[in-house]
Amino acid sequence: DSGSARASPEQYDIQYLTPVEIGTPPQTLNLDVDSGSSDLWVFSTEMPASSVKGQAQYDPSKSSTAKRVQDATWNITYGDNSYSEGIVYKDVVNVGGVSFDAQAVEAATAVSQTFTTDANDDGLLGLAFSTINTVQPSQEKTFFDNVASELDAALWTADLKYHKSGCYDFGVIDDSKYTGQITYTDVDSSDGFWMFDVSGYGIGNNTFQSTSFQGIADTGTTLAMLPAQVVKAYYKQVRGAKLDNSQGGYVFPCQANLPSFVYGVGNARYEIPGQYINYAPVDNDGTTCFGGIQSDAGIGFAILGDILLKSAFVVFDASENVPRLGFAKK
Ligand SMILES: O[C@H]1CN[C@@H](c2nc(-c3ccc(C(F)(F)F)cc3)no2)C1
């Protein structure tokens, strides 16, 4: 079995939303596929109407296949301190044609203000490792872990794009979506993340620095959060760039000509075009812009979010004893 689902960007590529069918008859919700967490949770009819502002809601009472998981609860806090919690059902979930008939669907009973104001985001579909799923008292499996054995290959791929729709594929590597070779690197999943070593970096045409650092491949994080020294070296090449703590990071004149950022996976080198690193204006007249590369200070590892991931075709491969990530140009 294999399948393919759209990943459509919201404004500034802040996140990508993927249609997911839940229940019988199918209820379609647009979820944020997040390789940095492991809960599939949805806005639901179980939450107060005051915290729903335009989102689609999963209604288990309208699904003939929904079954409540007695006494199960969940709660999760994301990197930006947004939050959600609720109860659990088992129901049919179909993503891009790949279906599992008893997926834990975590129905929200409460969400933080940030989720309420994100009108198009109906929930998250976590694809990190099931060891960090938050359901209690018995942890549940991710959608990928549930379907892996029925997939032609136990892997999924991310082909995110700059200001355009891309794809998440399950169970197959579509060779038309990349060029050259896929470079694989081992993943350390002991913290539940797709964590790997970035082998080094380069700024524009400057010499590549072979200084490796650990990072997680996180489709749910918008920006690329990298070691402070790397980020400082990058913005040193941008005239007028400065670290503006009131804005929460490095900003620069929107007209700046940004250098590309090169990152290493093993012996391979991948490039984020400078244009991708001009994330969004911070002011209404569009004179000052916020950088797509920011510091990972205080996190403990780098977070390779969409700004970086959209520059490559990425394979999340759990088909062998040791999981691995594959990167290819496209
Ligand atoms: O926790 C880490 C796991 N992956 C990262 C992630 N963060 C979100 C997120 C989505 C939407 C919102 C909101 F709508 F604005 F509330 C907030 C956070 N999704 O994945 C961070």
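Above this text is the structure in question.
Predicted model, so just to flag it, every value in this text is computed and none were measured. (Residues numbered from 1 in each chain as written. Predicted model: local features only at pLDDT ≥ 70, side-chain atom pairs only at ≥ 80, totals over all residues. Heavy atoms only, no water.)

The subject of this paragraph is the overall build of the protein chain. A tally of regular secondary structure across the protein chain gives four helices and 25 strands. Here the C-alpha atoms of the protein chain give a radius of gyration of 20 Å, agreeing with the 20 Å that 2.2 N^0.38 yields for 330 residues. For the protein chain, the accessible surface area stands at approximately 13800 Å², while carbon and sulfur atoms represent 46% of it. Averaging the positions of the 19 positive and the 39 negative side-chain charges in the protein chain gives two centres separated by 7 Å. (Helix = DSSP H or I, 4+ residues; strand = E, 2+ residues; numbered from the N terminus. Rg over C-alpha atoms; globule rule 2.2 N^0.38 Å. Areas by Shrake-Rupley, 256 points an atom, 1.4 Å probe, with all protein chains shown as cover. Lys, Arg positive; Asp, Glu negative; His and termini not counted. Charge placed at Lys NZ, Arg CZ, Asp CG, Glu CD.)

With that out of the way, let us pick up the sheet that holds strand β13 (residues 200-203). Spatial strand order, β13-β18-β19: three strands in an open sheet with antiparallel pairing. In this open sheet, the two edge strands, each paired with only one partner strand, are β13 and β19 (268-272). On average, adjacent strands in this sheet sit at an angle of 25° to one another, irrespective of strand direction. Note that β13 and strand β18 (residues 261-265) share four bridges and pair antiparallel. (Pairing = 2+ DSSP bridges. Axes fitted to C-alpha atoms, helices over the stretch in contact; angles between N-to-C directions.)

Taken together, five strands build an open sheet; the order of strands is β12-β14-β23-β15-β22 and the sheet is mixed. At either end of the open sheet lies a strand with only one pairing partner, and these are β12 (195-198) and β22 (293-295). Adjacent strand axes in the sheet meet at a mean angle of 40°, parallel and antiparallel pairs treated alike. Across three bridges, the pairing between strand β14 (residues 213-217) and strand β23 (residues 302-304) is parallel.

A pair can form between side chains of opposite charge whenever their charged atoms are brought close. Going through the model one piece at a time under the given rule, you end up with eight salt bridges. Its salt-bridge partner being Lys62, residue Asp59 comes within 2.9 Å of it at the nearest N-O pair. Owing to a relative accessible area of 58%, Lys62 belongs among the exposed residues under this scheme. With a shortest N-O distance of 3.9 Å, Glu320 and Arg324 are connected by a salt bridge. Each of Asp159, Lys161 and Lys330 takes part in one network of salt bridges that share partners. (Salt bridge = Lys/Arg side-chain N within 4 Å of Asp/Glu carboxyl O. Buried < 20%, exposed > 50% of the residue type's maximum accessible area, 1.4 Å probe, protein only.)

Right, let's get into the environment of Tyr279. In this structure, Tyr279 sits in strand β20 (residues 278-281). Relative accessible area serves as the criterion here: at 14%, Tyr279 is assigned to the buried category. In this structure, the C-alpha to C-alpha distance between Tyr279 and Thr222, residues 57 residues apart in sequence, is 9.3 Å. Not counting the four nearest positions on each side in its chain, Tyr279 is found in contact with Tyr12, Ile14, Thr222, Leu223, Phe290, Gly291, Gly292 and Ile307. (Contact = heavy atoms within 4.5 Å.)

A few words now on the packing of aromatic side chains. Scanning all chains against the criterion turns up 24 aromatic pairs. Members of the aromatic cluster, joined through ring pairs, are Phe129, Phe143, Trp156, Tyr168, Phe170, Trp194 and Phe316. Over the ring of Tyr89 we find Arg68; its NZ or CZ atom is 6.0 Å from the centre of that ring. Over the face of the ring belonging to Tyr184 we find Arg324, whose NZ or CZ atom lies 3.6 Å from the ring centre. (Phe/Tyr/Trp six-rings, centres within 6.5 Å; stacked < 30°, edge-to-face > 60°. Lys NZ or Arg CZ within 6 Å of the ring centre and 35° of its normal.)

Here we come to the site of the ligand. Taken together, 16 residues sit near the ligand, with Asp34, Gly79, Asp80, Ser82 and Asp218 positioned nearest. In this structure, Asp32 approaches the ligand through a side-chain N or O atom, which is 3.4 Å from a nitrogen atom. Take Asp218: an N or O atom from its side chain is 2.9 Å from a nitrogen atom of the ligand. Relative to its free-state accessible area of 460 Å², the ligand is covered by the protein chains to the extent of 84%. Within the residue set of the shell around the ligand, elements represented by two or more residues are β3 (27-34) and α1 (113-117). (Near = heavy atom within 4 Å. Polar contact = N/O pair within 3.5 Å; in protein donor to acceptor, adjacent residues only side chain to side chain.)

For residues besides glycine, phi is generally negative; the peptide bonds are generally trans as well. Residues Thr24 and Pro25 are joined by a peptide bond in cis, for which omega reads -10°. The topology assignment puts Pro25 in the loop between β2 (16-22) and β3. Residue Pro137 is bonded to the preceding Gln136 through a cis peptide linkage, with omega at 0°. Counting through the fold element by element, Pro137 comes out in the loop between β8 (123-126) and α2 (143-147). You will see that Asp13, though not glycine, has its phi angle at about 60°, which is positive. Tracing the backbone through its elements, the reader meets Asp13 in the loop between β1 (3-9) and β2. Asp13 gets classed as buried once you look at its relative accessible area, which sits at 1%.

Next up on the list: a negative patch on the surface. On the surface, Asp1, Asp101, Glu150 and Asp152 cluster together to form a negatively charged patch. On the secondary structure map, Asp1 appears in the segment before β1. (Patch = residues over 30% accessible without salt bridge, like charges linked within 9 Å, V, L, I, M, F, W, Y side chains within 5 Å.)

Of the two faces of β8, both are covered, the one formed by Gly123 and Leu125 as well as the one formed by Leu124 and Gly126. Here β3 runs beside β8; their pairing, made up of three bridges, is parallel. Bridging from a neighbouring strand, Val33 pairs with Leu125 of β8. Bridge analysis of strand β4 (residues 40-42) against β8 gives three bridges, and the strand direction is antiparallel. Counted as the bridge partner of Trp41 is Leu124 from β8.

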